Amino acid sequence: MSKTPFTTKEKLEEIAVVYPTPFHIYDETGIRKNAENLKKAFSWNKGFKEYFAVKATPNPFLIKILREYGCGCDCSSVTELMLSKAIGAVGDDVMFSSNDTPASEFKYANDMGAIINLDDITHIDILEKTLGKLPKKLSCRYNPGGLFKISNSIMDNPGDAKYGMTTEQLFEAFKILKSKGVEEFGIHAFLASNTVTNEYYPTLAKTLFEVAVKLKNGTGAHITFINLSGGIGIPYRPDQTPNDIFEIGNGVRSVYDRVLVPAGMDDVAIYTELGRFMMGPYGALVTRAINQKHTHKEYIGVDACAVNLMRPAMYGAYHHITVMGKENEPCDYKYDVTGSLCENNDKFAIDRMLPKVDMGDLIYIHDTGAHGFAMGYNYNGKLKSAEILLKEDGSFELIRRAETPEDYFRTFDCFDFYKKVTE
Ligand SMILES: *Cc1c(COP(=O)(O)O)cnc(C)c1O
């Protein structure tokens, strides 16, 4: 598969006149089509609901689009809860899947009626002390340990992950919760990240469904939902085959029919907490080539840096790059594409074959719609970029302005210093 931008050079130049680079741009058409498909793929399950992982793309304007397709919000911090509340997502529209949770955040989540997903058995006590009384509906996060394998290949290492309860703790937690009056139970697990295979969800579902049957039989708990969480990946590399959400939906359905239905659990709702899959491909970081350098290697310096997209620096993640307007030219130049941070890992690409880059070229960095802008920070005094929505009718709208130096210095506003830099 070749990877192509969702917009044109002409459109990006038109936008850049109004909002200078760098900026993240999002494709409304793609977001809608994908959300629609997810909904269809799981329409066989009556209670199906996607709780969009707010941390992936915490922009209220984008999440509001997903809300039109019945999506709720998956939050893991108080500010994410606040964001959700501000766009009208409260009650059962909010899943609070946090870890290492401060008691005050449990309280905030409960006050807005969110479903609380407990990461640890010790949180039962904390929750009870904090709220006075446990909610009627609660979820527990499961971590079976060991390696997560599909066929014979290792997908991830849950045994090394800080999240969730062991099998023993899960049974214990359900018993305790039941004895304390909890009436509706959920199970949640996130065992592998960015999986580009249609088998992840069905394999995970089998694990969760089987444990659900045992929990029901062993504790008498009424399990009303099973949350497959996030982890469905996207093809960052051009040679990867994208997931087929319909095949994934059918795969989960056949495990459901095989495991849950015979156990009399045919009313269990399937929940998801997808982030990357919902937004990743529908965002791009648009930046401009502003410097070139020839030393021991060939460097192209752009006006964005790791502050705008941290994944390559943090994980060595691959993000495809298109030099706009040169889509059909041969990739016969080898470059490191770098940002300006005083950190040598600030490289969007290393030894990447690209067409000859000229100063002023627009560089389109693919698949930044999730875990892109969101992971931004302010190292080196760098400012976070704007976010722009490319609408279905081809018009564009600013959905977050770029940071200014005033924003950067704002946290000194109780000191004279803020006045000094801003006057
Ligand atoms: C990060 C996260 C998600 C979303 O993960 P993706 O890989 O973006 O799908 C969902 N649930 C929880 C609890 C998470 O921490």
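Being a predicted model, the structure only gives us computed values, none of them experimental. (Residues numbered from 1 in each chain as written. Predicted model: local features only at pLDDT ≥ 70, side-chain atom pairs only at ≥ 80, totals over all residues. Heavy atoms only, no water.)

**Student:** Explain the overall build of the protein here, please?
**Tutor:** A count of helices and strands for the protein gives 13 helices and 19 strands. In terms of C-alpha radius of gyration, the protein reaches 23 Å, essentially the compact-globule figure of 22 Å for 423 residues. Expressed as a percentage of the 423 residues in the protein, the buried residues total 52%. Contacts in the protein between residues far apart in sequence, at least 24 positions, make up 69% of those at least 6 positions apart. (Helix = DSSP H or I, 4+ residues; strand = E, 2+ residues; numbered from the N terminus. Rg over C-alpha atoms; globule rule 2.2 N^0.38 Å. Buried < 20%, exposed > 50% of the residue type's maximum accessible area, 1.4 Å probe, protein only. Contact = heavy atoms within 4.5 Å.)

**Student:** How do you make sense of the environment of K214 when you look at a structure like this?
**Tutor:** Secondary-structure assignment places K214 in helix α8 (residues 200-219). Owing to a relative accessible area of 54%, K214 belongs among the exposed residues under this scheme. Through-space distance from the C-alpha of K214 to that of F171 is 8.9 Å; in sequence the pair is 43 residues apart.

**Student:** Could you clarify how one ought to interpret the layout of surface pockets in this entry?
**Tutor:** Vacant regions in the atomic arrangement are exposed by a probe of water-molecule size rolled over the atoms. Here the largest pocket defines a volume of roughly 1100 Å³. In terms of lining residues, the largest pocket is bounded by 43 residues, among which K55, F190, S193, R276 and H371 are the most central. Where the lining of the largest pocket is concerned, the elements lending two or more residues are β3 (72-75) and α11 (311-315). Per-element tally for the lining of the largest pocket: the top contributor is α11, with three residues. In terms of residue class, the lining of the largest pocket is built from 18 nonpolar, 15 polar and ten charged. (1 Å grid on protein atoms, 1.4 Å probe; cavity = no way out; pocket = protein on both sides within 12 Å on 5 of 7 lines; lining within 4 Å. Points joined across faces, edges and corners; volume = space filled by probe spheres on them. Nonpolar A, V, L, I, M, F, W, Y, C, P; charged D, E, K, R; others polar.)

**Student:** Is there a simple way to think about unusual backbone geometry in this case?
**Tutor:** Excluding glycine, residues mostly have negative phi values, and the peptide bonds linking residues are mostly trans. Omega for the bond connecting T21 with P22 falls within 30 degrees of zero, at -5°, which places this linkage in the cis form. Positive phi, close to 50°, is recorded for D100, a residue that is not glycine. Considering the arrangement of structural elements, one finds D100 in the loop between β4 (94-97) and α5 (103-111). In this structure D100 comes out as exposed when scored by relative accessible area, which is 67%.

**Student:** Looking at this structure, I do not really get the site of the ligand. What am I missing?
**Tutor:** Around the ligand sit 14 residues in total, of which K55, E273, G275, R276 and H371 are the nearest. K55 places a side-chain nitrogen or oxygen 2.6 Å from an oxygen atom of the ligand. Computed on the free molecule, the ligand has an accessible area of 390 Å², of which 91% lies beneath the protein chains in the complex. Looking at the shell around the ligand residue by residue, the classes come out as three nonpolar, six polar and five charged. (Near = heavy atom within 4 Å. Polar contact = N/O pair within 3.5 Å; in protein donor to acceptor, adjacent residues only side chain to side chain. Areas by Shrake-Rupley, 256 points an atom, 1.4 Å probe, with all protein chains shown as cover.)

**Student:** I keep staring at the nonpolar core and nothing clicks. Help me out?
**Tutor:** Most often, soluble globular proteins have nonpolar side chains that are buried together. Judged by nonpolar contacts, the single largest core of 86 residues is most densely connected at F42, Y201, F209 and M278. Counting residues per element, this core draws most heavily on α8, at ten residues. Ignoring anything within four residues of it in the chain, the contact list for M278 reads N34, A35, L38, E50, F52, L66 and C71. Counting residues in each nonpolar core, the second largest holds 16 residues, with L285, A304, A349 and I363 among its members. (Core = buried A, V, L, I, M, F, W, Y, C linked by side-chain atoms within 4.5 Å.)

**Student:** Would you mind going over a nonpolar patch on the surface with me for this structure?
**Tutor:** Taken together, F412, F415, F417 and V421 make up a surface patch of nonpolar side chains, about 350 Å² in accessible area. By secondary structure assignment, the location of V421 is in helix α13 (residues 416-422). Residue V421 is classed as partly exposed on the basis of its relative accessible area of 35%. (Patch = residues over 30% accessible without salt bridge, like charges linked within 9 Å, V, L, I, M, F, W, Y side chains within 5 Å. Salt bridge = Lys/Arg side-chain N within 4 Å of Asp/Glu carboxyl O.)

**Student:** Which parts of the structure should I look at to understand the pairing of strand β5 (residues 115-118)?
**Tutor:** When a strand is regular, its side chains alternate between the sheet's two faces. Both faces of β5 are covered, namely the face carrying I115 and N117 and the face carrying I116 and L118. The sheet contact formed by β4 and β5 spans three bridges and is parallel. Residue pairing across strands places M95 opposite I115, the latter belonging to β5. Crossover handedness for the path β4 to α5 to β5: right-handed. (Pairing = 2+ DSSP bridges. Right-handed = clockwise from strand over helix to strand, strands pointing away.)

**Student:** Teacher, can you tell me more about the pairing of strand β12 (residues 283-294) here?
**Tutor:** With four bridges connecting them, strand β1 (residues 23-27) and β12 associate as antiparallel partners. Bridge pairing in β12 links Y26 to G283. As paired strands, β12 and strand β13 (residues 298-302) are joined by five bridges and run antiparallel to one another. Bridging from a neighbouring strand, K293 pairs with Y299 of β13. Hairpin connection from β12 to β13: three residues lie between these consecutive antiparallel strands.

**Student:** It is not clear to me how helix α1 (residues 9-18) should be interpreted in this structure. Could you clarify?
**Tutor:** In an α-helix, one full turn covers 3.6 residues, which means residues spaced three or four apart are oriented alike. Regarding α1, the residues found buried are K11, L12, I15 and A16. With its buried residues spanning 135° around the axis, α1 presents them on a single face. Opposite the packed face of α1, turned more than 90 degrees from it, sit the exposed residues E10 and V17. On its buried side, α1 packs onto β1, β12, β17 (362-365), β18 (386-390) and β19 (396-400). (Arc of directions from axis to C-beta.)

**Student:** Teacher, can you tell me more about the sheet that holds strand β9 (residues 184-188) here?
**Tutor:** Adjacent strands of a sheet form backbone hydrogen bonds with each other and so pair up, either parallel or antiparallel. The eight strands lie next to each other as β2-β3-β4-β5-β6-β9-β10-β11, forming a closed barrel whose pairing is parallel. Here the strands of the sheet are splayed against their neighbours by 25° on average, with no regard to which way each runs. Sheet analysis places β3 next to β4, joined by three bridges and oriented parallel. Note on β4: the bridge partner recorded for C75 is F96. Contacting β3 and β4, helix α4 (residues 78-86) runs over the sheet at an angle of about 165° to β3. (Axes fitted to C-alpha atoms, helices over the stretch in contact; angles between N-to-C directions.)

**Student:** Please explain the environment of T195 as it appears in this structure.
**Tutor:** Structurally, the position occupied by T195 is in the loop between β9 and α8. The spatial distance from the C-alpha of T195 to the C-alpha of G230 is 9.6 Å, given a sequence separation of 35 residues. Those residues in contact with T195 that lie beyond four places of it in its chain are M155, Y200, G231, I232, G233 and N243.

**Student:** It is not clear to me how the state of the cysteines should be interpreted in this structure. Could you clarify?
**Tutor:** Disulfides are covalent bonds that link the sulfur atoms of two cysteine residues. One pass over the full model with this rule turns up zero disulfides. C342 provides the cysteine sulfur closest to C305, a residue in no disulfide bond, and the two sulfurs are 10.0 Å apart. With a relative accessible area of 4%, C305 lands in the buried category. (Disulfide = S-S within 2.5 Å.)

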